[in-house]
Amino acid sequence: MYLPQELIRRKRDGYALSDEEIAFLVSGISSGRLVDSQVAALAMAIYFNDMSVQECSALTLAMRDSGEHLSWQEFSLPGPVVDKHSTGGLGDMVSLVLAPIIAACGGFVPMVSGRGLGHTGGTIDKLESIAGYNVTPSQSQFQHLVKEIGLAIVAPSSDIAPADKRLYAIRDISATVDSLALVCSSILSKKLSEGLSSLVMDIKVGSGALMPNRDLCEQLAHRMVSVASEAGCTTSAILTDMNQPLAPCCGNSLEVMEAMDYLTGHTQHSRLHQVVMALAQMLLVDSKLCDNAEQARVKILQVLESGEAAERFNRMVAALGGPRDLLEQGKSHFPKAPVIAPLLAEHAGYLNHLDCREIGMSVVALGGGRIHSDQTIDHRVGLSRWRQIGEYIHVDEPLVMIHASDQSGWQKAARRLRRAISIDADPIAVPPVVYQQIVS
Ligand code: URA
């Protein structure tokens, strides 16, 4: 038996905690034996002193083991159980297209996703813009869908990593969210509960990222790859740019429509495509569904062109209570926002900088995200047809379309967006989409 305050003091003073000490603290977080002030103090001690890979592994596994794990043994799946996670950004609907692609290539994807966090969108909020889609099936239904269709994207149940749930809520109000050790163990405790054999991580870098700084993102990627791989889950990561929305839209139903366009081949936005291809290739190779990246590339393009990936998405939506013909119905399924109008450039020049955090917060203010956790979302609102960084913009040309629930919301978003957009006389070097790959 340990005294929590003594362990917190040790961490505060820069010492490493043992696996047993970490397990004791995590069980105290789950049971309530550690009070909120102790949990916050522990989080702050970790924030300032970081943790070794060994400590991060112990924290991850203890938080994973605070709840249930999925086991796939009884399902005798004919392929690997795999998943992808992103640290979150704008216009990032990669999960909606990557999971069906991987399923069509022979993988099984039990994707437990989150809701919007701060300025970033969340896959579950996006899926809820599809009328009838049930994000909380029973665990047995979830696993059967993964077996039958190859994928299911759902919200976390309260049985998954409850220690992380409490720790995260306390981090959120104690300025300790952006700690390398805490982000790593929080994300991996949940992902490792899915019983995966392989995982790919998309770590966003830039003005719209959870951690904007590239060096920190690189450290996070290495840490996550080490911790997950040590836990038996082959993991690779890519660092991708979040200095502008990944696809040219942000908002819940707008992003689902973009994903449908991508899967059906109507449009294939280049930045989105590059990230999807990089992640899908890594996952297919890591999980041994393909021998190398070139074979994976051919297979991915084949399931996109044949419509197999789109078909998997349609089947998942229908099986979870959405319309049976979502892809055929297309955009007519989604109600439009009452006010849709362009924001026009006030002067000409190169679009050089977008403050993605501010852009994300303008979507939240339009009603597309939450300021309080119990808020309902307006799935219709958002931003579309974003011009890209590096483009020359003429005066009075549209920069972006604003989808608002009323005129006053439109005006407020327009004022906020003007502050987030920089147009200059000289062009800058356009950042690449994929900065770096970190393989296991
Ligand atoms: N997402 C999580 O689940 N946890 C974090 O700490 C950060 C992002």
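Refer to the structure above for everything that follows.
A few points on the structure. (Residues numbered from 1 in each chain as written. Predicted model: local features only at pLDDT ≥ 70, side-chain atom pairs only at ≥ 80, totals over all residues. Heavy atoms only, no water.)

### Digging into the overall build of the protein chain
Scanning the protein chain for helices and strands turns up 17 helices and 12 strands. Taking all 440 residues of the protein chain together, the buried fraction comes to 57%. Considering only intrachain contacts with a sequence separation of at least 6, the fraction spanning at least 24 residues in the protein chain is 78%. Put simply, the protein chain shows about 17,500 Å² of open surface, and 51% of that area lies on carbon and sulfur atoms. Side-chain charges in the protein chain split into 37 positive and 48 negative, and the spacing between the mean points of these groups amounts to 3 Å. (Helix = DSSP H or I, 4+ residues; strand = E, 2+ residues; numbered from the N terminus. Buried < 20%, exposed > 50% of the residue type's maximum accessible area, 1.4 Å probe, protein only. Contact = heavy atoms within 4.5 Å. Areas by Shrake-Rupley, 256 points an atom, 1.4 Å probe, with all protein chains shown as cover. Lys, Arg positive; Asp, Glu negative; His and termini not counted. Charge placed at Lys NZ, Arg CZ, Asp CG, Glu CD.)

### What to know about helix H5 (residues 94-104)
Within H5, 11 of the 11 residues are buried, which leaves the element mostly enclosed by the surrounding structure. Just past H5, the residue glycine 106 takes up positive phi, approximately 110°.

### Here's the deal with the sheet that holds strand S6 (residues 339-344)
Across the sheet, three strands lie side by side as S6-S10-S8; this open sheet has antiparallel pairing. With partners counted over all chains shown, the strands left at the sheet margins are S6 and strand S8 (382-384), one partner each. On average, each strand axis in the sheet is inclined to that of its neighbour by 30°, with strand direction left out of account. One ladder, built from six bridges, connects S6 with strand S10 (residues 398-404); its direction is antiparallel. Each bridged residue has a counterpart across the sheet, and for leucine 343 the counterpart in S10 is valine 400. The strands touched by helix H16 (residues 356-368) within the sheet are S8 and S10, with S8 carrying the most contacts at an inclination of about 125°. (Pairing = 2+ DSSP bridges. Axes fitted to C-alpha atoms, helices over the stretch in contact; angles between N-to-C directions.)

### A few points about the site of the ligand
In the vicinity of the ligand, the residues found are Tyr168, Arg171, Val183, Ser186, Ile187, Lys190 and Leu210. Take arginine 171: an N or O atom from its side chain is 2.8 Å from an oxygen atom of the ligand. At 2.7 Å from a nitrogen atom of the ligand is found a side-chain nitrogen or oxygen belonging to serine 186. Taken by itself the ligand offers 240 Å² of open surface, and the protein chains cover 89% of this. Contributions of two or more residues to the shell around the ligand are made by helix H8 (162-172) and helix H9 (180-192). Here the shell around the ligand gets four residues from one element, more than from any other, and that element is H9. (Near = heavy atom within 4 Å. Polar contact = N/O pair within 3.5 Å; in protein donor to acceptor, adjacent residues only side chain to side chain.)

### Re the sheet that holds strand S9 (residues 392-393)
With respect to topology, three strands assemble into an open sheet ordered S9-S7-S11, the strand pairing being antiparallel. Here the strands that pair on one side only, and so sit at the sheet edges, are S9 and strand S11 (421-424). The pairing of strand S7 (residues 349-354) with S11 spans four bridges and is antiparallel. Residue pairing in the sheet places leucine 351 in a bridge with isoleucine 423 of S11. Contacting S7 and S11, helix H17 (residues 407-420) crosses the sheet at an angle of about 50° to S11.

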